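# Structural features, examined
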Amino acid sequence: MAASRNFEILYKETRLNLEPASHSSTIQIRVAPPNAYGRSSSSRGGASSDDEKGYRSRSLATASSIYYRKHNNSPRGFLWRVLENGTVLSLRVADVCKQEKEADAPLILNLRFPAAIRTSCIGFADYQDNDALCVYVVDHSNQLWSLTLRPDHFRRRSATDGGLGDACKSYSPPGFGFKHSHRLAVVSPDQLIVTMHDGGILKFDRSRATDSNGGAWKETIYNVAGWGQSLRGLVPFQRNPTIRYDKINMELTAAASTAVTSMGHSETAFLFTICLDHRMRVWDVRTGQILYTGDILDTLRDPQEVGKWTVDPSQGNLIRILENGRGQCLVVTFSPVGAGEFKFWKVKANDQGSIHVADCFPGTHLVPPSPSSLDVWLLADFAVTEQPEGPELWTMWKNNTSYRVYRLQVLPRDGTEPFGDGWKAVHIESAVPTVRASGPWNATDSTEKWLELIFFPGRFSKSTLETALAMYEKGLGTYKEAASKTGRSIAESICSVLGSTTTLDRTSTGGVDYDQFRNTSETQWMRFWRLLLELDKQRGEALSLAFDPLDGMIWVACADLIAAVRQCSDLDRVYHNFHALDKKNEDVAALISAGLTFIDSFSDSMHQLSRSALRAELFESSTLSDSERMQVFLDRAGFWPSVTDEDCAQVMDTLGQNYQMVTARLYEDLFDLITATSEANSQELREPFTGFGRKLVVRAVQETIELHWQILFSQLVLLVHMEFDIESEDASPLHSRFEVGLVYRRLIDALRRLEHLRWLAKTELSFSTPRSGAPGSSSPVLTRRSQDENNTKTALEGLIGHLFGLPESNNVPLLSSITDLVLDLCAPSSTTVIDTWRLQCHLLKQERADLALELHPFADQDPFSTYVQGRVFLALKDHDTASSYFKGAAIGLSIPSKHQDRHSAGLLDDTEWNLLYSGLPNYYSHIVNLFDRQKAYSYVMEFSRLALQFVQQGSGSADHHETAGIRIEMLSRLFTAATSISHFEDAHSALLSMDDEAMQKSYLRRLVEKMCETGQSSELITLPFSGLQAKVDDILADKCRAARDVLGGVPYHQILYAWRISHNDYRGGAAVLLDRLQKLRRAGEGDKLGGAGGGHGNEDALDTQVTRQYLLLINALSCVAPQEAYILEDILPGDTTEDGQNGGKAGDELEAEIDELEKRLDAEAGKDAAGGGSGREVTAEEDAALIEKMKRFSTRNVRDLPARRFLMLADLRKQYQQELDRIAAIQNNQFGFTAEDDLMDLA
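Quantities reported herein were computed from a predicted structural model and do not represent experimental measurements. (Residues numbered from 1 in each chain as written. Predicted model: local features only at pLDDT ≥ 70, side-chain atom pairs only at ≥ 80, totals over all residues. Heavy atoms only, no water.)

### Overview of the overall build of the chain
For the chain, the count of helices and strands is 36 helices and 38 strands. Within the chain, counting contacts between residues at least 6 apart in sequence, those at least 24 apart form 64% of the total. Counting every atom, the chain has about 59,100 Å² of accessible surface; 48% of that belongs to carbon and sulfur. (Helix = DSSP H or I, 4+ residues; strand = E, 2+ residues; numbered from the N terminus. Contact = heavy atoms within 4.5 Å. Areas by Shrake-Rupley, 256 points an atom, 1.4 Å probe, with all protein chains shown as cover.)

Structure follows, in structure tokens:
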């Protein structure tokens, strides 16, 4: 007999990690009587123990299975697990699908009991008229607990905030005082049966009237052979043989395994028990009578061989019942004696207590084959399902932490060989991921390789990682209790601990020894990796086999995993059955085998170089021909020098001389294996998948991606090798037989699709959990909770998981539907379109532009995708690249479209959408807004000009109002951006283009102030400011009037002086200088002698700020005609003339002075006329115009204005001389005294 049996593999398992996606998903509930009930702290469930024993207690279940409700479907399946040494019963929903409008149920309830529960005494039921799950538990303190859980308990945390209340009840059965319970069987929500150690049963009927002691059940005891035998069983010196189990002597009539069925009868039910004496007994639950007793193999045995035919009390999975209609059922029993044997029984019964049990296949023996003849394998569990051909038997074998699952289709119609169909196997995913060695050929550090391997989604649980790290630290002697309480993530902690074991030394020549550092680091990582694998093996220990009667799914409940059995795809069947293939797939199997064998001979460096060459082919556009691309790939990969003659001969042995087996038809067969045969995924969903179901699909996709990638990558390398291996045309190379380039392109396309899915399946994101609570609630507890309710999901589940579900026309079992869905996702011609731009929009909305950039190679070339690429680079501050993408999308996103897909994951709001597909001006204005948010002002200017360009081109359009609004906004943005980066010529041009006078005036002031503040006064003066010169003058004049410190800050007086002089306004320039002179004198600058430069002894004492200002003022007025060489000076309170009188002329006094000046000018004109001077005609006209201006000025309302006086050029020269005399007098110690000085106290 072969050591390992090679059954045909038709199914494969997909393992799911049971770790919750969010810490807040787990709710800890302390099970206690109603008056002491409460929710315990949720932090207890999240703790991880530091040693292996604590890890097993908290993370690994000792019992687990799935219960499916019969009468209610939302939710329907519940996964239960016993944790923490039997004190915690963990419950969660395990439905794959749900109704379209039903809410998901993601919460996990950890029911913490005061005493350890009996794992064999856990039962479930549901009411027909009440949507609730009934949970029954018997603990080691002989308490019977009954809990009623509503669907909301698994959907909303608030449902357990107030406790379960009356939904949690306990009962102390008197019958447990002198009998020991062994198995619990649930007949209905109101009726339970507990089998006892003496072979009797204890029936509990729910009592509607609760007594004062809290009893809610009515007890009835039934025995195998009456009360007499039962009482003798209590005597210590009993004669009947017993079996010692769990410190109890159990009678051989005690039940090891039980099953209950009503067979369609509403008045009664039947309890089937497999007893320790190898017999099956059938009880009438209503009367407590035993209706049938018989050997489970229907054989006669020697009464003296009792010990040979006994069943171990721990074997609770020896019977399964399949109801076939009213009054009949199919019972399947398993005898663990010897090699083990199944027996099928046809049972008929009526509601009067009559039953008939018959062997379905008399004389036929069904001995299930064990997986291997060299190891000890035990059949741990089995399930029976109904198929059109007949019953289907599923078996689960265990050997320590390993297990195998097989299926047998029973053919009842074949009377001679009902079991002749043969056993089919399930592929168990037990292979360890391949670890490639690190070396100089790696593009990244080896730490990144290990982190990617260890933290691959769903591979290891957090508790496994924490326990392995603690054990590793203890091995190093560096473990600290407080280390786990730091704020570092588990990845940072692992890198810190492993990094501390490696140092960077120098070689004997003094150089840095990178090779030694790399090798030492690899060694430490490998040790940690092996420790992880050893801990992870314990998570995969199988505990039970469960069958979903509605969806037809088979599940394996493990210690810390749940494995779904699904059907193999065509490629899976070929890959896993190289030893037993049908004629149809022999050739394509040979091609696959040749590729895998060929690439297995590659070294780690060759693998890395080949994958690097492939990345270039996947993500870089090329204009080369197919043959040239293949040649480039071969050169980049560089594997051909390392391929030996033995490798080539091995490939030719498989594919024939000169690869004659390889044809275009063979590659078509290969691509058919990875192409979905069903178009179900393109239809409307009938039942969308739950979060649990989406995780199942994601995990199946991860497995399929790895398998398809491995096969297609090997085929790509093999194809290139075969194409260039045959050099002679006479040897019939591949390109002479079929179009090799087409096959090459199809392989590249398929690998690109897989690479896209691989990124989605391995990248984890944080998603907020939708909560259904009271609107407007702002309690601190809810606020704190909302921060913790972020689920960590893969991008595949979180971004496109809503597409997973059962389609409308789907009539195939769920285990096949999942495979079809996964295969369609991975197929190159998939009906599931993955919009990269949509994924990138979501990532940008979540502020993960770094991840959005990783999707850039998969982006399409349509306009909106191009626009989204621009948004990605814009978020990364790469403005130049973003600008090029925005320009590339301009035409496509400006043309009006009737069918717009306004889905951007919230990245664009309605206002922004309205700017797209509505003309180039609107599009460019939107781009301007984007750059403006990041203050990229040079690009704001660029796109503002583009928008203005097309606004001007379309100025004749009907929608003039909208066009004018865009023009105003773009001019405003252009001006603001140009001003911000000191592009003042552009700002000046935008300013002159503005039609709104109010906006123009406001922006003009901003421009003038900005240019003055940045020292660009010379450029300000050179700008023409057509039509705005007077306004510029007013702005500068206002600034001068507001200036207090004329020696510090912005020199507005000098700027205004230069402005007016450049525009030939010398009198205006002089007025500015006079204002500055007055402010200098008031600031006391005239008294700072010793020179304006700082008081050095060799400097001119007469050179002060004031005297220098006088010279500038005199020079400015000297450039004016003598008759106009005057200015008006404001006289402030306290200012006096040289005679000590106020020199201000106001009102009538000013008019009188003007009249006197007019008479004097007339007299001078008369003298000139008598002398015959004709040159005075022009002067007379000028004098008349001057007098008229002065009269108009005198008529203004001067009540609110300061007093003024005329200053002629001669007056200024006189004042200048007086200032020089004053300075000279001070230098000569000649001080004059005023009237105020007489009052000084000279003492």
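### A closer look at the packing of helix α6 (residues 490–499) against helix α7 (residues 514–539)
In the contact formed by α6 and α7, the axes pass within 10 Å of each other and the chain directions differ by 130°. Judged by the inter-axis angle, α6 sits oblique to α7. For α6 against α7, the interelement crossing comes out right-handed. Here α6 contributes Ile494, Cys495 and Leu498 to the contact with α7, which in turn contributes Gln524, Trp525 and Phe528. In the contact of α6 with α7, the residues fall into 5 nonpolar, 1 polar and no charged. (Axes fitted to C-alpha atoms, helices over the stretch in contact; angles between N-to-C directions. Parallel < 35°, antiparallel > 145°, perpendicular 65-115°, else oblique. Left-handed = near helix turned anticlockwise from the far one by under 90°. Nonpolar A, V, L, I, M, F, W, Y, C, P; charged D, E, K, R; others polar.)

### A short note on the packing of aromatic side chains
Tallying each qualifying case throughout the model produces 42 aromatic pairs. Measuring from ring centre to ring centre gives 5.9 Å for Tyr924 and Phe943, while their planes differ by 40°; the resulting arrangement is tilted. With Tyr924 in helix α24 (residues 920–933) and Phe943 in helix α25 (residues 937–953), this pair connects stretches of sequence that are 19 residues apart. Phe943 carries the same exposure label as Tyr924, and that label is buried. Here a set of aromatic residues connected by ring pairs shows up, and it is made of Trp837, Phe864, Tyr867, Phe886, Trp913, Tyr923, Tyr924, Phe931, Tyr939, Phe943 and Phe950. (Phe/Tyr/Trp six-rings, centres within 6.5 Å; stacked < 30°, edge-to-face > 60°. Buried < 20%, exposed > 50% of the residue type's maximum accessible area, 1.4 Å probe, protein only.)

### Concerning the pairing of strand β1 (residues 8–17)
Here β1 lies mainly inside the structure; 8 of its 10 residues are buried. Summarising the sheet, β1 and strand β29 (residues 423–427) pair through 4 bridges and their orientation is parallel. Along β29, the bridge assignment pairs Glu8 with Lys424. Relative to strand β32 (residues 561–567), β1 runs antiparallel, the two being bridged by 7 bridges. If you follow Arg15 over to β32, its bridge partner there is Ala563. (Pairing = 2+ DSSP bridges.)

### Digging into the nonpolar core
The biggest cluster of nonpolar side chains holds 191 residues, and the ones touching the most others in it are Trp555 and Tyr867. For this core, the element with the most residues is helix α14 (residues 691–725), which contributes 18 residues. Apart from residues no more than four positions distant in its own chain, Tyr867 is found in contact with Phe886, Ala889, Leu893, Leu908, Tyr923, His926, Ile927 and Leu930. Among the nonpolar cores identified, the runner-up in size contains 50 residues, and Met250, Ile319, Phe342 and Trp397 belong to it. (Core = buried A, V, L, I, M, F, W, Y, C linked by side-chain atoms within 4.5 Å.)

### A look at α6
Two residues of an α-helix separated by three or four positions point the same way, owing to the 3.6 residues in each turn. Among the residues of α6, Ile490, Ser493, Ile494, Val497 and Leu498 are the ones counted as buried. Around the axis of α6, the buried residues are gathered within 115° of arc, so they sit on the same side. In this structure, the buried side of α6 is in contact with α5 (462–476) and α7. (Arc of directions from axis to C-beta.)

### Some remarks on helix α19 (residues 836–845)
For α19, the tally of buried residues reaches 8 of 10 residues, placing the bulk of the element in the interior. Burial in α19 covers these residues: Thr836, Trp837, Leu839, Gln840, Cys841, His842, Leu843 and Leu844. The inward-facing, buried residues of α19 contact α15 (740–762), β34 (764–768), α17 (795–800), α20 (849–854) and α21 (863–875). Among the residues trailing α19, Glu847 stands out with phi positive, at a value near 60°.

### What to know about the pattern of salt bridges
Scanning all chains against the criterion turns up 56 salt bridges. For Asp277, the salt bridge is made with Arg281, and the minimal N-O distance between the two is 2.9 Å. On the basis of relative accessible area, Asp277 is assigned to the buried category, the value being 7%. Accessibility expressed as a relative area gives 7% for Arg281, which makes it buried. In the salt-bridge network here, residues are joined through shared partners; they are Arg1005, Glu1009, Asp1038, Lys1039 and Arg1041. (Salt bridge = Lys/Arg side-chain N within 4 Å of Asp/Glu carboxyl O.)

### Some remarks on the confidence of the model for the chain
With 84% of its residues at a pLDDT of 70 or more, the chain has an overall mean of 84. For the chain, helix α16 (residues 780–788) is the element with the lowest average pLDDT, namely 40, and strand β31 (residues 554–558) is the one with the highest, namely 97. Confidence drops under pLDDT 50 across residues 41–48; counting only partners more than four residues distant or on other chains, this segment forms 13 contacts. (pLDDT = per-residue confidence, 0-100.)

### As for the side chain of Asn929
The topology assignment puts Asn929 in helix α24. At a separation of 2.6 Å, a polar atom in the side chain of Asn929 contacts the side chain of Arg973. Setting aside residues up to four positions removed in sequence, Asn929 forms contacts with Leu915, Glu969 and Arg973. (Polar contact = N/O pair within 3.5 Å; in protein donor to acceptor, adjacent residues only side chain to side chain.)

### Overview of the sheet that holds strand β15 (residues 217–222)
A sheet is described by the order of its strands in space; here 4 strands give the open sequence β12-β13-β14-β15, paired in antiparallel fashion. Of all strands in the sheet, those with a lone pairing partner are β12 (181–188) and β15, marking the two edges. Going across the sheet, the axis of each strand differs from the next one's by a mean of 20°, ignoring polarity. Alignment of strand β14 (residues 201–206) against β15, held across 6 bridges, turns out to be antiparallel. Of the residues in β15, the one forming a bridge with Ile201 is Tyr222.

### Some remarks on unusual backbone geometry
Here Ser74 and Pro75 are connected by a cis peptide whose omega angle stands at -5°. As for its placement among the helices and strands, Pro75 is situated in the loop between β4 (63–68) and β5 (77–83). Here the phi dihedral of Asn142 falls at roughly 65°; this positive angle occurs in a residue that is not glycine. Mapped onto the elements of the fold, Asn142 is located in the loop between β9 (133–139) and β10 (144–149). A positive phi is found at Tyr917, a non-glycine position, where the angle reads about 55°. Counting through the fold element by element, Tyr917 comes out in the loop between α23 (910–915) and α24. Of the residues examined, Tyr917 reaches a relative accessible area of 18% and is grouped as buried.

### Description of the environment of Leu655
Relative to the assigned elements, Leu655 resides in helix α12 (residues 645–655). Since its relative accessible area comes to 0%, Leu655 is described here as buried. Separated by 68 residues in sequence, Leu655 and Asp587 have C-alpha atoms that sit 8.4 Å apart. If we skip the residues at most four places from it in the chain, Leu655 touches Ala590, Leu591, Ala594, Gln660, Met661, Val662, Leu718 and Met722.

### Examining the sheet that holds strand β8 (residues 117–126)
Strand order in the open sheet made by the 4 strands is β8-β9-β10-β11, with antiparallel pairing throughout. Each end of this open sheet is capped by a strand with a single partner; those strands are β8 and β11 (168–171). Ignoring strand direction, the axes of neighbouring strands in this sheet form an average angle of 20°.

### Side note on the packing of helix α33 (residues 1105–1118) against helix α36 (residues 1209–1227)
Where α33 contacts α36, the axes come no closer than 10 Å and their chain directions differ by 160°. Taken together, the axes of α33 and α36 lie roughly antiparallel to each other. In terms of crossing hand, the pair formed by α33 and α36 is left-handed. Touching Val1106, Thr1107, Tyr1110, Leu1111, Leu1113, Ile1114, Leu1117 and Ser1118 of α33 are Leu1209, Leu1212, Arg1213, Gln1215, Tyr1216, Glu1219, Leu1220 and Ile1223, all from α36. For the contact of α33 with α36, the residue count by class is 11 nonpolar, 3 polar and 2 charged.

### Digging into a nonpolar patch on the surface
There is a patch of nonpolar side chains on the surface, built from Leu504, Val512, Tyr514 and Phe517 and spanning about 360 Å² of accessible area. Within the secondary structure, Tyr514 sits in helix α7. (Patch = residues over 30% accessible without salt bridge, like charges linked within 9 Å, V, L, I, M, F, W, Y side chains within 5 Å.)

### Some thoughts on the pairing of β4
Extensive coverage of β4 is indicated by the burial of 6 of its 6 residues. With burial as the criterion, each face of β4 is covered, one bearing Ala63, Ser65 and Tyr67 and the other bearing Ser64, Ile66 and Tyr68. Here β4 runs beside β5; their pairing, made up of 6 bridges, is antiparallel. The residue of β5 that forms the bridge with Ala63 is Val82.

### Comments concerning the environment of Lys398
If you trace the backbone, Lys398 turns up in strand β27 (residues 390–399). When the C-alpha atoms of Lys398 and Trp377 are compared, they prove to be 5.4 Å apart, with 21 residues separating the residues in sequence. If near-sequence neighbours (up to four positions away) are discounted, Lys398 is found in contact with Val376, Trp377, Leu378, Ala380, Tyr403, Glu541 and Ala542. A polar contact of 3.3 Å, which involves the side chain of Lys398, links it to the side chain of Glu541. Engagement of the side chain of Lys398 in a polar contact is seen with the backbone oxygen of Ala542, the distance being 3.0 Å.

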